Amino acid sequence: ETGVTQSPTHLIKTRGQQVTLRCSSQSGHNTVSWYQQALGQGPQFIFQYYREEENGRGNFPPRFSGLQFPNYSSELNVNALELDDSALYLCASSFSSGDEQFFGPGTRLTVL
Amino acid sequence: GENVEQHPSTLSVQEGDSAVIKCTYSDSASNYFPWYKQELGKRPQLIIDIRSNVGEKKDQRIAVTLNKTAKHFSLHITETQPEDSAVYFCASREASGGSYIPTFGRGTSLIVHP
């Protein structure tokens, strides 16, 4: 059984660009949640995908979007990057929507 | 929406002492309260959780208490060790239309001095 993995580990972009982050869920998990963790802060919930459908969204603008694939891996897309988007992006998978979440190692995004 | 306040932001103790971290939440519909430990540069890891139908839960040196009436919950670590040094996050989770939306506190940096 493999854990949650994310790619890439680090990424540098400039303002206005677009970025795609990827997450592979733990074996047997059908739910993936994405979080943004700014330096010195707790993770903030972006959205959750359950069986390929968005299943809850936090207070993030529409330029944050996502996908979940039939194998339950997931992508987070951010358009029109802003400086404040610089953060650690974490994904977490769970067996189902209400179950314990297991976090990936995160992608560190820097927007210049 | 839910609001979670966590205190203190930094906690410094001597090895062997106890540490207590407190969180309050605002939404009475919240029913699940996990605690995560995040070491520097690593992913958050669940260390203990409690559901709203339970007042206390213990796992070796770690315990969590929940007061639903007052809407607060606390993490207690006894006999602290240097490897307990990390940032600890509380979270509260509410169910909304079939999805479970968690809100995290801002974290407590625990430093255990040998």
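So, a few notes on the structure that sits alongside this text. (Residues numbered from 1 in each chain as written. Chains lettered and ligands numbered in written order. Predicted model: local features only at pLDDT ≥ 70, side-chain atom pairs only at ≥ 80, totals over all residues. Heavy atoms only, no water.)

**Some thoughts on the nonpolar core**
Residue and element names in this part refer to chain B. Filter applied, for reference: Grouping buried Ala, Val, Leu, Ile, Met, Phe, Trp, Tyr and Cys residues that are joined through side-chain atoms within 4.5 Å yields what is termed a nonpolar core. Relative accessible area decides the class of each residue, using a 1.4 Å probe on protein chains only: under 20% of the type maximum gives buried, over 50% gives exposed, and in between gives partly exposed. Put simply, DSSP H or I for four residues or longer makes a helix, DSSP E for two residues or longer makes a strand, and each gets a number counted from the N terminus. Throughout, a contact is declared for two residues whenever any of their heavy atoms are within 4.5 Å.
Of all hydrophobic cores here, the largest spans 22 residues; its most connected members are W35, F73, L75, I77, Y88 and L110. If you list the elements that add at least two residues to this core, you get β2 (10-14), β3 (19-25), β4 (32-38), β5 (45-51), β7 (62-67), β8 (72-77), β9 (86-96) and β11 (108-113). In terms of residues, this core owes the most to one element, β3, which gives 4 residues. Residues within four places of Y88 in sequence aside, it is in contact with Q6, I21, Y36, K37, I47, L75, I77, G107, T108 and L110.

**Some words on the sheet that holds strand β1 (residues 5-7) of chain A**
Residues and elements named next belong to chain A. Basically, it comes down to this: The pairing criterion for strands is at least two bridges between them, as found by DSSP. Every angle, taken between N-to-C directions, lies between 0 and 180 degrees, and every axis is a line fitted to C-alpha atoms, over only the stretch in contact when it is a helix.
The sheet built from 4 strands is open, its strands ordered β1-β3-β8-β7 with antiparallel pairing. The open sheet terminates on both sides in strands that have one partner only, identified here as β1 and β7 (64-68). Sheet twist, expressed as the average angle between the axes of neighbouring strands with direction ignored, equals 20°. Bridging between β7 and strand β8 (residues 74-78) involves 5 bridges; their strand directions are antiparallel. Within the sheet, the bridge partner assigned to G66 lies in β8 and is L76.

**Considerations on the sheet that holds strand β1 (residues 4-7) of chain B**
Residue and element names in this part refer to chain B. Strands sit in the order β1-β3-β8-β7-β6 across an open sheet of 5 strands; the sheet is antiparallel. Whereas interior strands pair on both sides, the edge strands pair on one side only; in this sheet they are β1 and β6 (56-59). Taken pair by pair, the neighbouring strands of this sheet meet at an average axis angle of 15°, ignoring direction. The pairing of β6 with β7 spans 4 bridges and is antiparallel. Each residue of the ladder has a partner; that of E56, found in β7, is T65.

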